[in-house]
Amino acid sequence: MILVIGGAGYIGSHMVKYLLHKGERVVVLDNFSTGHRQAVLGGVLEHGDLRDAETLNTVFRKYEIECVMHFAAFIFAGESMRDPAKYYDNNVLGCLRLMEAMRLNGMQQIIFSSTAAVYGEPVEIPIPETHPLNPTNTYGETKRVMEGMLRWYGQAYGIRSVALRYFNAAGADPDGELGEDHRPEEHLIPLTLFAALGRRESISVFGTDYDTPDGSCIRDYVHVWDLCEAHYLALQRLRAGAPSEVYNLGNGQGYSVLEVIRAAEQVVGKPIPTVYAPRRLGDPARLVASSEKAQRELGWQPRYPQLETMIEHAYRWFIKRPNGYDA
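Residues numbered from 1 in each chain as written. Predicted model: local features only at pLDDT ≥ 70, side-chain atom pairs only at ≥ 80, totals over all residues. Heavy atoms only, no water.

Chemist: I tried to follow the sheet that holds strand β6 (residues 160-166) on my own but got confused; where do I start?
Modeler: The strands making up a sheet associate through backbone hydrogen bonding, with each pair oriented either parallel or antiparallel. Taken together, the 7 strands give an open sheet; going across it, the order is β3-β2-β1-β4-β5-β6-β10, and neighbouring strands pair in parallel fashion. Here the strands that pair on one side only, and so sit at the sheet edges, are β3 (44-47) and β10 (245-249). Adjacent strand axes in the sheet meet at a mean angle of 20° when their direction is disregarded. The sheet contact formed by β6 and β10 spans 5 bridges and is parallel. In the sheet register, Tyr166 faces β10, and the bridge partner there is Leu249. Running at roughly 165° to strand β5 (residues 109-115), helix α4 (residues 84-104) makes contact with β1 (2-5), β4 (67-70) and β5 of the sheet. (Pairing = 2+ DSSP bridges. Helix = DSSP H or I, 4+ residues; strand = E, 2+ residues; numbered from the N terminus. Axes fitted to C-alpha atoms, helices over the stretch in contact; angles between N-to-C directions. Contact = heavy atoms within 4.5 Å.)

Written out as structure tokens, the structure is:
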């Protein structure tokens with residue numbers, strides 16, 4: 001069985017659906033601090049906290065777990081700068097509890113949801129996996145520490161891992177069953193669509209003086225379903241006995257904040273109210289991935305690389321579920 005920790009969250013819930021579609025048996029562990037029960041479309045559901053060693057040991061003893069997929073980290077860079085203690089407690093301590101439980105219960109395979117935020121302000125574009133790790137926010141720093149934990153546990157105890165450094169996850173289930181429902185929401189595409197739908201007054205552009213063509217931050221967006229496919233390919237790699245590895249997951253093309261807003265206006269067919277605000281602490285100017293390694297070694301190829309497609313899938317979800325999973 002595959003243990004999906006954080007399987008009630010945005011990416012985790014899509015991963016559960018993907019695995020079930022592939023015929024895998026799935027156990028979901030979630031404390032529902034940010035996830036939603038309605039987002040878990042199948043498998044066995046266990047309610048518990050990643051930081052609770054007893055819960056982890058119980059799950060490992062109860063089920064025959066082949067591989068762990070870890071999606072249970074807090075993810076908002078801005079929040080991490082306001083409340084770093086929250087991020088060290090959940091992300092770093094949670095990862096330590098998990099690795100210890102895996103070690104004690106003889107678990108040997110883990111796929112870890114990492115982030116482009118481990119790179120910080122890039123010195124090379126597109127960013128390869130060999131780029132120095134120099135995070136500019138607490139979120140990225142906690143993920144860097146967690147990656148290190150995987151590396152050293154692998155060296156000492158033989159636990160094999162694949163760390164997948166996402167760039168900006170976006171979009172929604174192409175079938176329309178699942179979507180993005182963070183509370184509060186801090187991601188650009190949902191917030192932009194909320195402004196279009198009247199769920200907020202406007203979308204804010206944080207910083208217009210970056211060293212980019214239009215002065216706003218540039219990011220690389222990758223469809224959530226493409227992320228799921230990369231995880232599944234990583235699972236096959238571990239099943240084949242391959243050693244631990246790290247991969248970037250992105251489209252290799254960056255879009256500025258203003259370009260995302262313009263693309264969303266094309267999708268929704270009307271102007272979106274926009275306001276301009278100062279830069280946020282810890283935001284690099286440009287993050288664009290080199291995913292050549294994942295394409296070469298995993299055979300990964302994004303199916304939904306177009307920004308407009310990601311926005312359209314997200315928009316369909318928000319139209320269908322205006323109150324998210326509470327609808």
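Next comes the rest of the write-up.
Chemist: Which parts of the structure should I look at to understand the environment of Pro243?
Modeler: Mapped onto the elements, Pro243 comes out in the loop between α7 (224-239) and β10. Placed 82 residues apart in sequence, Pro243 and Ser161 show a C-alpha to C-alpha distance of 7.5 Å. In this view, Pro243 contacts Arg160, Ser161 and Arg237; residues no more than four positions away in its chain are not counted.

Chemist: Please clarify how the layout of surface pockets should be interpreted in this entry.
Modeler: Which parts of space are left empty comes out when a probe the size of a water molecule is rolled across the atoms. Of the voids in this model, the second largest pocket is the one considered here, and its volume is about 170 Å³. What lines the second largest pocket is Glu147, Leu150, Arg151, Ser161, Ala163, Arg165, Ser244, Glu245 and Val246. Contributing elements (two or more residues each) for the lining of the second largest pocket: α5 (138-157), β6 and β10. Partitioned by chemical class, the residues of the lining of the second largest pocket number 3 nonpolar, 2 polar and 4 charged. (1 Å grid on protein atoms, 1.4 Å probe; cavity = no way out; pocket = protein on both sides within 12 Å on 5 of 7 lines; lining within 4 Å. Points joined across faces, edges and corners; volume = space filled by probe spheres on them. Nonpolar A, V, L, I, M, F, W, Y, C, P; charged D, E, K, R; others polar.)

Chemist: Explanation requested: unusual backbone geometry in the structure shown.
Modeler: A negative phi holds for most residues other than glycine; trans holds for most peptide bonds. The residue after Ile125, namely Pro126, is reached through a cis peptide bond having omega -5°. Here Pro126 lies in the loop between β5 and α5. Look at the link from Arg183 to Pro184: it is a cis peptide, with omega at 0°. Along the chain, Pro184 turns up in the loop between β7 (168-170) and α6 (188-197). Positive phi is not limited to glycine here, since Phe32 has a value of about 60°.

Chemist: What is the right way to look at the pattern of salt bridges in this model?
Modeler: In a structure, side chains of opposite charge can pair up when their charged atoms sit close to one another. Applying the stated rule across the entire model yields 22 salt bridges. Residue Glu24 is joined to Arg239 by a salt bridge in which the shortest nitrogen-to-oxygen separation is 2.8 Å. Taken together, the positions of Glu24 in the loop between α1 (10-21) and β2 (26-30) and Arg239 in helix α7 put the pair 215 residues apart, joining distant regions of the chain. Residue classification places Glu24 among the buried residues on the basis of a relative accessible area of 13%. Its relative accessible area of 31% is what places Arg239 among the partly exposed residues. Asp49 is the salt-bridge partner of Arg51, the closest N and O atoms lying 2.9 Å from each other. (Salt bridge = Lys/Arg side-chain N within 4 Å of Asp/Glu carboxyl O. Buried < 20%, exposed > 50% of the residue type's maximum accessible area, 1.4 Å probe, protein only.)

Chemist: Can you walk me through helix α8 (residues 257-268) in this structure?
Modeler: Spanning 12 residues, α8 covers 17 Å between terminal C-alpha atoms, matching the ideal 16 Å at 1.5 Å per step. Looking at the buried positions of α8, the neighbouring elements they touch are α6, β8 (203-206), β9 (218-223), β11 (254-256), β12 (274-277) and α10 (307-320). Once α8 finishes, Gly269 follows within two positions and takes phi at roughly 80°, a positive value. (Expected span 1.5 Å × (residues − 1).)

Chemist: I tried to follow the packing of aromatic side chains on my own but got confused; where do I start?
Modeler: Geometry of an aromatic ring pair is reported as the spacing of the ring centres plus the angle between the planes. Enumeration over the complete set of coordinates arrives at 7 aromatic pairs. Here the aromatic rings of Trp317 and Tyr325 are separated by 4.9 Å at their centres, their planes lie at 50°, and the arrangement is tilted. Accessibility classification places Trp317 together with Tyr325 in one group, the buried group. One aromatic cluster in this structure is built from Tyr18, Trp225 and Tyr232. One cation-aromatic arrangement involves Lys86 over Phe74; the distance from NZ or CZ to the ring centre is 4.7 Å. Here Arg199 stacks its cationic end above the ring of Phe194, 3.9 Å away from the centre of that ring. (Phe/Tyr/Trp six-rings, centres within 6.5 Å; stacked < 30°, edge-to-face > 60°. Lys NZ or Arg CZ within 6 Å of the ring centre and 35° of its normal.)

Chemist: What should I look at first to understand the packing of α1 against α7 in this one?
Modeler: Relative placement of two packed helices is described by the angle separating their axes and the distance separating the axes. At a minimum axis distance of 9 Å, the contact between α1 and α7 shows a crossing angle of 60°. Classified by the angle their axes make, α1 and α7 are oblique. At the point where α1 passes α7, the crossing takes the right-handed sense. Facing Tyr10, Ile11, His14, Met15, Lys17, Tyr18 and Leu19 of α1, the residues of α7 in contact are Val224, Trp225, Leu227, Cys228, Glu229, His231, Tyr232 and Leu235. Considering only residue class, the contact of α1 with α7 consists of 11 nonpolar, 2 polar and 2 charged. (Parallel < 35°, antiparallel > 145°, perpendicular 65-115°, else oblique. Left-handed = near helix turned anticlockwise from the far one by under 90°.)

Chemist: Would you explain α6 in this entry?
Modeler: Note that an α-helix has 3.6 residues per turn; residues three or four places apart therefore point the same way. Judged by how many residues are buried, α6 sits mostly within the fold: 9 of 10 residues are covered. Burial in α6 covers these residues: Leu188, Ile189, Pro190, Leu191, Thr192, Leu193, Phe194, Ala195 and Ala196. One or two steps after α6, the chain reaches Gly198, where phi turns positive at roughly 80°.

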